[in-house]
Amino acid sequence: MSDDNNRDDAPRTSHEAAGKITERLKSATSSSGEPRESGGTRSAKEIPAESFERSRMGADVPPKMRTPRKVGRRKPLTPQAADAQEAMFSRATDSDGTHAVPAEAFGIEHDPAQVDPREDRFAEWQVGVLFIIAALAVVGFVVSYVLIDQYASLGRDMNFALGGTFTVALLGLGGGMVLWAKKLLPHDKMVQERHDFFSPEEEQLDTEDVFIKGFREMGLGSRKVLRRSLLAAGALLPLPAVLLLRDLGPLPHSSLRHTGWAKGKKLVEVESGQPLKLGDMEIGSIATVMPEGLDDPNEHALAPTILIRFGPDQIRSKKEAEWGVEDHVAYSKICSHAGCPISLYEQQTHHLLCPCHQSTFDMADDANVIFGPAARRLPQLRITLDADGYFVAEGDYSQPVGPSFWERG
Amino acid sequence: MTTEYNAAPTNVEVAAKKTLRAVDDHFGSAGFLKKSLNKVFPDHWSFLLGEIALYTFVILLLTGVYLSLFFHASTQVVTYNGSYGPLRGVQMTDAYASTLHMSFDVRGGLLMRQIHHWAAVLFVMSIAVHMMRVFFTGAFRKPRAINWYIGVTLFIVATLEGFAGYSLPDDLLSGTGLRIAYSVMESIPVVGTYVAYFLFGSNYPSTSGDFIPRLFIIHVLLVPGILLALISAHMMIIWRQKHTDFPGPGKTEHNVVGSPFYPTFLIKTNGFLFMVFGVCAFLGAFAQINPVWLYGPYNASQVSAGSQPDWYIFFLEGSLRLMPNLESNFWGHTISWNILIPGVILPGIMFNLLYVYPPLEAWITKDRAYHNLLQRPRDVPVRTGLGVAGITFYGVLYLGGQNDVIAKTFDWSLQATTWVMRFLLIFGPFITFYIAKRWALGLQHKDEERLHHGEETGIIRRLPSGEYIEVHEPLPAQRQAILARQLGQDLHELHAGDGHPHANGHGNGRSPAMINRPVGALARAREALEGFFFERHDEPQPGPEDEEPKTLTRP
């Protein structure tokens, strides 16, 4: 394959031909350990030689199509490889009838390292260098751990250094091992008989007999009282386990219908912690508010509410305007689909979009669903102004807030 | 018959012999050990996919134990006072604060966290790809159906484990995911609110909740225990049944050809373990994942645009996004179809189809034979088509989970993107089924041509009549035999057979047994399905000008 003759002593590898290890890269020796037939293309050796005889070819057949080298003839293995191969071929046969088969039987060639002592030494060094790199990387890891300032650039330096050295150590070790198997172990294959998946019939019958005999002794088939009382006890036994789970959580009762809003509660802006009053909001702006005194949203998952200020006559729904005050309306921030807090407001279109599943509500039309998987409008909170001009709730939401549930109705 | 490997034993070998002898004195393990060391493992790149899953699991255990030393599974509210400036003074749960602590104040903590997260991503991914390999090569057929069920269960459990894991830090992103999971539970008819309240300990979110400690123990003890048990069972069954292999030289249904477990496979597979670990370490070092400090602590009134879960949750997110807004109210009750169908029913159907497929195919094809040799995707076009259709369905859901990101990236209308995906979800699988099946049949056709007419040599010859033809070479006999087996054809047309008939009630050779007309409706349905399953590309009929073949074999 490396030069154009068909002599019996044709070089097996380009190393032999060119005398340089680097030249080997250009040779087409099977490197994957796989039969060549598994690929989509065929190697030249499968095509009988006569097809390629010059006399049978047209004038324009390129000269590089040539008789393949003879198969099955090879140099003796290096002593180490021969030892390893001998060890393999002398493996004890197990009850599955394992035996070793030379690699040539599968069209696989030994790695050049296994036939040429120079290549063998080179391969050993290749593996060794990888292992040495791995060892050095571990040293680098230790040095980085001790020397690098862990707070420098938010810990990134430390992360790069530790991770980088760790990566090199692992890849060096792993790569070395793979190379070790590929270069220095024989490519001969083992063939192992598969046993039947089922047992011999006598054994099956015997086992069945043992089982049936025991079953009869137990009397589960014939003793009705025994069987039924056992069933009753067995069926009831899990009950304590189920009961013990009862205190995992409170029963929902009506907690899903209450949100912490009540008549007279001021609308407190989450960001600033200040109650909002008329004039605080600009036209087209929105604010996330919580009921006065309950300012941790995590304590009251259903309470977050948005206050929107519209321009004059922008609200198209009569009910919406009535429930709001002075072009300000308050709606639940909790999506009626899956409970995400809805936060993307388009000022010009008055559309409110949930970033989780893109349910879109027309806030000028009483939070009507115009797109997405949400099935219900957002509930509106009835608000008014107190004597000092602060926004206050007129009561709790008139319907359950957030995603639907069975008892919701 | 045992041959001694004759060389003077070195000191190490003597010590090894003594150790083996001592172990055997206690356990009588020599016979088992010999069989195990001799165990033959076939070589094929696709057999490494399952190994990636196994090794990422090992990495997850190692890094996970380390992380658990620093994580506080607590919802107690604390004021952050660590070294990450932007969040100093912010109120947050101890869970989130300890995650920040291990990321910024524990040397190597961030690395371990990122390796853990990347390994989790790769774990679920390698299970999925491994499952596709097993599906498309028919490795799930008898006697390996049980292992397929275990594998599907592993996929589901791994998904849940991943979700539980990235939900632990109690950051804004994970809290959003939990809130959606809570809503999905709430949507279950009759018992939904109870299930959700019992699992979460209250409404979610709630600072008084027991939820983080519960999720923690689920994530570090309960589910890993299940995974470990299932993986052990999976491995033991593989060990017992031996690995499948593709047809090839010297390979039959009754043998396995490859490298011995010891030493070749052992060295190779350990090398692979370190390489997988190395890739995870590389990602953990240089590819940021789940930077929880950027999201901030969970707050029930906040969410960021473009919130995305880990990849294996995308399909659920997508099904929630693509579902139209259906909801029923009757007799004082509500059924939230817009969550129940995409969040509960659809995943249930999808996973159950995976469980049902092996017995269904065996029932349709009446295939009760044992199989050790794998098929190529082209060998069973309908199965391949069904698999590709399933991947398409999953893939559209996966893309649906990022419809906002896609719409933004390509500057498309979000609504149009969603509608296109809704249509693709329904029609896409049919289209890809057809394409994949035709493709497989086309490849079969090509293989048949190679089998019957031989391989093109690239040599053009001129006949005395002046006509140019290409020389075809018949395939080598061994290759012919393999190809014929893969195509489910009898070789004796080509030459006089190889002695024993192939166990071939499977593959694409339709079983000739259907002489009696089926009576029952079920039997007739089965027969119709069998017809569908085995419909195949007819061999090309020779046209009049083809009667004298234009191809020449060696003159």
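Residues numbered from 1 in each chain as written. Chains lettered and ligands numbered in written order. Predicted model: local features only at pLDDT ≥ 70, side-chain atom pairs only at ≥ 80, totals over all residues. Heavy atoms only, no water.

Draft legend 1. Seen up close, the overall build of chain B. Counting its regular elements, chain B contains 18 helices and eight strands. In chain B, which comprises 555 residues, the share counted as buried stands at 53%. The contacts of chain B with a sequence gap of at least 6 include a subset with a gap of at least 24, amounting to 74%. Surface accessibility of chain B: about 26,000 Å² in total, with carbon and sulfur atoms responsible for 67%. (Helix = DSSP H or I, 4+ residues; strand = E, 2+ residues; numbered from the N terminus. Buried < 20%, exposed > 50% of the residue type's maximum accessible area, 1.4 Å probe, protein only. Contact = heavy atoms within 4.5 Å. Areas by Shrake-Rupley, 256 points an atom, 1.4 Å probe, with all protein chains shown as cover.)

Draft legend 2. How the structure looks around the interface of chain B and chain A. Between chain B and chain A, the contact holds 127 residues from the first and 102 residues from the second. Both faces considered, chain B and chain A share a buried interface measuring about 9,800 Å² in area, 59% of it formed by carbon and sulfur atoms. Viewed at the interface, chain A and chain B are joined by two salt bridges. The salt bridge partner of A:K189 is B:D43, with a shortest N-O separation of 2.6 Å. At the junction of chain B and chain A, the tally comes to 30 residue pairs in polar contact (both at pLDDT 80 or more). Ranked by residues supplied to the side of chain B that touches chain A, first place goes to helix 10 (residues 261-286) of chain B with 18 residues. Of the residues in the side of chain B that touches chain A, the class split is 57 nonpolar, 46 polar and 24 charged. One ladder, built from four bridges, connects strand 2 (residues 189-193) of chain A with strand 4 (residues 255-260) of chain B; its direction is antiparallel. (Buried area = accessible area lost by both parts, 1.4 Å probe. Salt bridge = Lys/Arg side-chain N within 4 Å of Asp/Glu carboxyl O. Polar contact = N/O pair within 3.5 Å; in protein donor to acceptor, adjacent residues only side chain to side chain. Nonpolar A, V, L, I, M, F, W, Y, C, P; charged D, E, K, R; others polar. Pairing = 2+ DSSP bridges.)

Draft legend 3. The side chain of B:R144, seen in detail. Position of B:R144 among the secondary structure elements: in the loop between helix 5 (109-136) and helix 6 (145-167). Buried within the structure, B:R144 lacks any salt-bridge partner; B:E253 is the closest side chain of opposite charge, at an N-O distance of 6.9 Å. A polar contact of 2.8 Å, which involves the side chain of B:R144, links it to the backbone oxygen of B:H371. Not counting chain neighbours up to four residues away, the residues in contact with B:R144 comprise A:R194, A:F197, B:A139, B:Q241, B:K242, B:H243, B:T244, B:H371 and B:N372. (Lys, Arg positive; Asp, Glu negative; His and termini not counted.)

Draft legend 4. Representation of the packing of helix 6 of chain B against helix 7 (residues 172-186) of chain B within the structure. Residue and element names in this part refer to chain B. Interhelical geometry of helix 6 versus helix 7 gives an angle of 130° and a closest axis separation of 8 Å. As summarised for this structure, helix 6 and helix 7 are arranged oblique, according to the angle between their axes. In contact with F163, Y166 and S167 of helix 6, helix 7 contributes S174, G177, L178 and A181. (Axes fitted to C-alpha atoms, helices over the stretch in contact; angles between N-to-C directions. Parallel < 35°, antiparallel > 145°, perpendicular 65-115°, else oblique.)

Draft legend 5. Examining unusual backbone geometry more closely. Note that the residue after B:K142, namely B:P143, is joined by a cis bond; omega there is 5°. Positive phi outside glycine occurs at A:D313, with the angle close to 65°. Among the structural elements, A:D313 can be located in the loop between strand 5 (305-309) and helix 8 (318-323). In the Ramachandran plot, B:V190 falls in the positive-phi region, its phi being about 65° despite a non-glycine side chain. Among the secondary structure elements, B:V190 is positioned in the loop between helix 7 and helix 8 (192-200).

Draft legend 6. Main features of the state of the cysteines. Residues and elements named next belong to chain A. The full count for this structure, using the stated rule, is one disulfide over all chains. C340 shares a disulfide with C356; S-S distance 2.1 Å. Given an S-S torsion of about -90°, the disulfide between C340 and C356 has left-handed geometry. Taken as a pair, C340 in the loop between strand 6 (328-332) and strand 7 (344-346) and C356 in the loop between strand 8 (351-353) and strand 9 (360-362) lie far apart in primary sequence, 16 residues in all. Under the relative-accessibility criterion, C340 is labelled buried at 1%. (Disulfide = S-S within 2.5 Å.)

Draft legend 7. Inspection of the packing of aromatic side chains at higher detail. Residue and element names in this part refer to chain B. The final tally for this structure, using the stated rule, is 41 aromatic pairs over all chains. Centre to centre, the rings of F155 and F351 are 6.1 Å apart; their planes meet at 65°, and the pair counts as edge-to-face. Here the residue F155 occupies a position in helix 6, and F351 occupies one in helix 13 (residues 337-365), the gap between them amounting to 196 residues. Relative accessible area serves as the criterion here: at 6%, F155 is assigned to the buried category. Take F351: its relative accessible area is 15%, and that puts it in the buried class. When the centroid spacing of 4.9 Å and the interplanar angle of 25° are considered together, the rings of F314 and Y398 count as stacked. Of the two residues, F314 is situated in helix 12 (residues 314-322) and Y398 in helix 14 (residues 381-400); the sequence distance between them amounts to 84 residues. For K142, the ring lying beneath its charged end belongs to Y370, and the centroid distance is 4.8 Å. The residue whose ring lies beneath R422 is W419, and the NZ or CZ to ring-centre distance is 4.6 Å. (Phe/Tyr/Trp six-rings, centres within 6.5 Å; stacked < 30°, edge-to-face > 60°. Lys NZ or Arg CZ within 6 Å of the ring centre and 35° of its normal.)

Draft legend 8. Structural context of the sheet that holds strand 10 (residues 368-371) of chain A. Residue and element names in this part refer to chain A. Spatial ordering of the open sheet is given by 7-8-9-10, a layout of four strands whose pairing is antiparallel. Strands with a single pairing partner mark the edges of an open sheet, and in this sheet they are strand 7 and strand 10. When the angles between neighbouring strand axes are averaged without regard to direction, this sheet yields 30°. Where strand 9 lies against strand 10, three bridges are found, and the strand directions are antiparallel. Residue pairing across strands places D362 opposite N368, the latter belonging to strand 10.

Draft legend 9. Examining the sheet that holds strand 3 (residues 267-269) of chain A more closely. Residues and elements named next belong to chain A. Taken together, the five strands give an open sheet; going across it, the order is 3-4-5-6-11, and neighbouring strands pair in antiparallel fashion. Strand pairing shows two members of the sheet lacking a second neighbour, strand 3 and strand 11 (380-381), which therefore form its edges. As defined by bridge partners, strand 4 (residues 286-291) adjoins strand 5 across four bridges and the pair is classed as antiparallel. From the neighbouring strand, A287 faces strand 5, where its bridge partner is L307.

Draft legend 10. Structural context of helix 2 (residues 79-89) of chain A. Buried within helix 2 of chain A we find A:A81, A:Q85 and A:M88. Across the axial projection of helix 2 of chain A, the buried residues extend over an arc of 55°, all falling on one side. The secondary structure elements touched by the buried residues of helix 2 of chain A are strand 1 (99-101) and strand 2 of chain A together with strand 4 of chain B. (Arc of directions from axis to C-beta.)

Draft legend 11. Representation of the pairing of strand 6 of chain A within the structure. Residue and element names in this part refer to chain A. Of all five residues that make up strand 6, five are buried, and the element is covered over most of its length. Residue alternation in strand 6 divides its side chains into two sets, H328, A330 and S332 and V329 and Y331, and both sets are buried. Taken together, the five bridges between strand 5 and strand 6 define a ladder with antiparallel strand orientation. Residue pairing in the sheet places T305 in a bridge with S332 of strand 6. Relative to strand 11, strand 6 runs antiparallel, the two being bridged by two bridges. Following the sheet pairing, Y331 is matched in strand 11 by Q380.

Draft legend 12. A look at a nonpolar patch on the surface. Residue and element names in this part refer to chain B. On the surface, W419, F423, I426, F427, I431, Y434, I435, W439 and L443 cluster together into a nonpolar patch covering about 1,000 Å² of accessible area. Structurally, Y434 is set in helix 16 (residues 414-453). Classification of Y434 by relative accessible area gives exposed; the value is 53%. (Patch = residues over 30% accessible without salt bridge, like charges linked within 9 Å, V, L, I, M, F, W, Y side chains within 5 Å.)

Draft legend 13. Local environment of the pattern of salt bridges. Residues and elements named next belong to chain B. Applying the stated criterion across every chain yields a total of 19 salt bridges over all chains. With its nearest N and O atoms 2.8 Å apart, the salt bridge here joins R378 to D447. Of this pair, R378 sits in the loop between helix 13 and helix 14 while D447 sits in helix 16, and the two are 69 residues apart along the sequence. On the basis of relative accessible area, R378 is assigned to the partly exposed category, the value being 22%. Judged by relative accessible area, D447 falls into the buried class, the value being 1%.

Draft legend 14. Structural view of the packing of helix 14 of chain B against helix 16 of chain B. Residues and elements named next belong to chain B. Contact geometry for helix 14 and helix 16: axes closest at 7 Å, N-to-C directions at 150°. Relative to helix 16, the element helix 14 lies roughly antiparallel. Between helix 14 and helix 16 lies a crossing whose hand is right-handed. (Left-handed = near helix turned anticlockwise from the far one by under 90°.)

Draft legend 15. Expanded view of the nonpolar core. Among the nonpolar cores identified, the biggest contains 117 residues, and A:W261, A:L267, A:L307, A:I383, B:I115, B:F123 and B:W311 are the most heavily contacted of them. No other element matches helix 5 of chain B, which puts 15 residues into this core. Each residue touching A:W261, except ones within four places of it in the same chain, is listed here: A:K266, A:L267, A:V289, A:M290, A:P291, A:A303, A:T305, A:L381, A:A393, A:G395, A:D396 and A:Y397. Core analysis: the second largest hydrophobic core is formed by 26 residues, A:I308, A:A367, B:I180 and B:L320 among them. (Core = buried A, V, L, I, M, F, W, Y, C linked by side-chain atoms within 4.5 Å.)

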